[in-house]
Amino acid sequence: MRSISLLAVALSLFAAAPSVAADTPDTDLDARVAAVEKRVVAWRRDIHQHPELGNREVRTSALVAAHLRKLKFDEVRTGVAHTGVIGVLRGSRPGPVIALRADMDALPVTERTGLPFASTVKAKRGDETVGVMHACGHDAHTAMMMGVAEVLSGMRDRIAGTIIFVFQPAEEGAPPGEEGGAALILKEGALSGAYTPEAIFGQHVWPGEAGTISYRARGTMASADRLTIKVTGKQAHGAQPWHGIDPVVTSAQIITALQMIPARQINVTTAPAVITIGRIQGGTASNIVPETVEMEGTIRTFDAAMRTDIIERVRRTATDVAAAAGARADVDVQSYAPPVYNDVALTERMEPTLRRAAGDGLRTMELVMGSEDFAHYQSRIPGLFFFLGVNAPGVGNVAAGDLHSPDFMLNEDAMKVGVRTMAMLALDYLAPRAAN
């Protein structure tokens, strides 16, 4: 999280800035959003039908770059963090630099929505061939940001400053052995020097009432750590397991024991925490006790001290349970992202804009156990991350296909709200200031 002293500086800066005028005329903006709406839907369907995994978004980034060049952006950079695209749009007057971010990558999920533009793409992921699907809405994020780019490129006279459009690869994580995502964009210095934003905005589609905007100041989404545990025993015949050390049974005991950490060992009144094992693999035949079993999972937390404590408990639990069985457990924890933390001063400053964009559809939200690598930007730049409801009419949150599900679908009518909201955030933040 950002230090207290840095937050104090940000608070003073935002407090000194004039508040966003609630009566800013939006007629021109609304007309431009309406004009681009059909193209946003078409872009989304095209990207959905041709999904690409992280660090492999070659077709998608080419589509984005061509669009920004057609709009005569001041600068278009490609190959950022492997396949990312950064567009620079300068307003008619000098002013601050801000950034808008959209992610482009899909997931290793086989689609079963039955949509006429459903993905049938397959790709190699490690040694496996997997289905590929935009099951997290990144197709909509990219398409909406392309729409925002078109809208704002025609409204430079209302922009006093510079907008950096960040079309990011690998939000879902880079392939094994590779770097990627927001962390690599920052490492490469793509948002440094003259392109250092003083604020960054992002949005994510969400199974909620279509067109609603949900947000929360301070901690919003959990940190995520990837957990890998390799259990090594001794191979034996399945009919004589006492001749070996069974890593399968030991792994089952470890998985059960891990659930006792958040359930019985952590003060969850401080902040929630989750440990989930999502993959376990071992063995070659039904009648062989294998030598090794490997499991993978995720650790989700909101509190830095709690995260450190949980990771230590995971290591101790896995190694001690394995040792009790005569096996060995090797534990590896890799950080994906810190918590998404919406800067308090920035959130308060832009709340009137969110309200104007969403009207009665503005919602405050509870904590989300999901994670987002947008948090890497927020660790350096004051940021605001919000959620766009995209359920079909009359469909409740429970009935809707969840994010990362092969059944996930979104209501394309909601995308115009996402375009309008992101454009309004940029326009209001960079509105020319009256002279003192």
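Residues numbered from 1 in each chain as written. Predicted model: local features only at pLDDT ≥ 70, side-chain atom pairs only at ≥ 80, totals over all residues. Heavy atoms only, no water.

## Some points on the side chain of Thr60
Cut-off, in case you're wondering: To qualify as a helix, a DSSP run of H or I must reach at least 4 residues; to qualify as a strand, a run of E must reach at least 2; elements of each kind are numbered from the N terminus. Polar contact is the term for a pair of N or O atoms within 3.5 Å; when the atoms are in protein, one must be able to donate a hydrogen and the other to accept it, and sequence-neighboring residues count only if both atoms are side-chain atoms.
Within the fold, Thr60 resides in helix α3 (residues 58–70). A polar side-chain atom of Thr60 sits 2.7 Å from a polar atom in the side chain of Glu52.

## Regarding the UniProt feature "domain: Peptidase M20 dimerisation" (unreviewed entry) in the chain
Which entries qualify depends on this criterion: UniProt positions are given in the numbering used here, feature names are shortened, and annotations may be inferred rather than shown by experiment.
When the UniProt feature table is mapped onto this chain numbering, "domain: Peptidase M20 dimerisation" (unreviewed entry) sits at residues 227–321. Helix makes up 39% of residues 227–321 and strand 31%, with an end-to-end C-alpha separation of 17 Å.

## A few points about the packing of aromatic side chains
The description of an aromatic ring pair rests on the distance of the ring centres and on the angle between the ring planes. Here is the rule: Pairing of aromatic rings covers Phe, Tyr and Trp, the last through its six-membered ring, and needs centres within 6.5 Å; plane angles under 30 degrees mean stacked, over 60 mean edge-to-face, and all others mean tilted. Exposure classes here rest on a 1.4 Å probe applied to the protein chains alone. A residue is buried below 20% of its type maximum, exposed above 50%, and partly exposed in between. Look at NZ for Lys and CZ for Arg. If either is within 6 Å of the ring centre and within 35 degrees of the ring normal, a charge sits over the ring.
In the structure shown here, the tally under the stated rule is 6 aromatic pairs. Summarising the aromatic geometry, the rings of Phe385 and Phe387 are spaced 5.6 Å apart at their centres and angled 85° between planes, so their arrangement reads as edge-to-face. On the basis of relative accessibility, which here comes to 0%, the residue Phe385 falls in the buried class. The class for Phe387 is buried, based on a relative accessible area of 1%. By the ring-pair criterion, three or more aromatic residues cluster together here, those being Trp206, Phe374, Tyr377, Phe385 and Phe387. Just above the ring of Tyr429 sits the side chain of Arg349; from NZ or CZ to the centre is 4.0 Å.

## Regarding the packing of helix α4 (residues 138–153) against helix α10 (residues 415–429)
Note the following rule: Note on definitions: angles span 0 to 180 degrees between N-to-C directions of axes, and those axes are lines fitted to C-alpha atoms, for helices only across the stretch in contact. Throughout, the term roughly parallel applies to angles under 35 degrees, roughly antiparallel to angles over 145, roughly perpendicular to angles from 65 to 115, and oblique to all others. With the far helix as reference, a near helix turned anticlockwise by less than a right angle produces a left-handed crossing, and one turned clockwise produces a right-handed crossing. Contact criterion: two residues are considered in contact whenever any of their non-hydrogen atoms come within 4.5 Å of each other. Only Asp, Glu, Lys and Arg are considered charged, only Ala, Val, Leu, Ile, Met, Phe, Trp, Tyr, Cys and Pro nonpolar, and every remaining residue, Gly among them, polar.
Direction vectors running N to C along α4 and α10 enclose 50°, while the axes themselves pass 9 Å from each other. Regarding the angle of α4 to α10, the classification is oblique. Pair α4 / α10 crosses with right-handed handedness. Mapping the contact onto sequence places Ala140, Met144, Met145, Gly147, Val148, Val151 and Leu152 in α4 and Met415, Gly418, Val419, Met422, Ala423, Ala426 and Leu427 in α10. In the contact of α4 with α10, the residues fall into 12 nonpolar, 2 polar and no charged.

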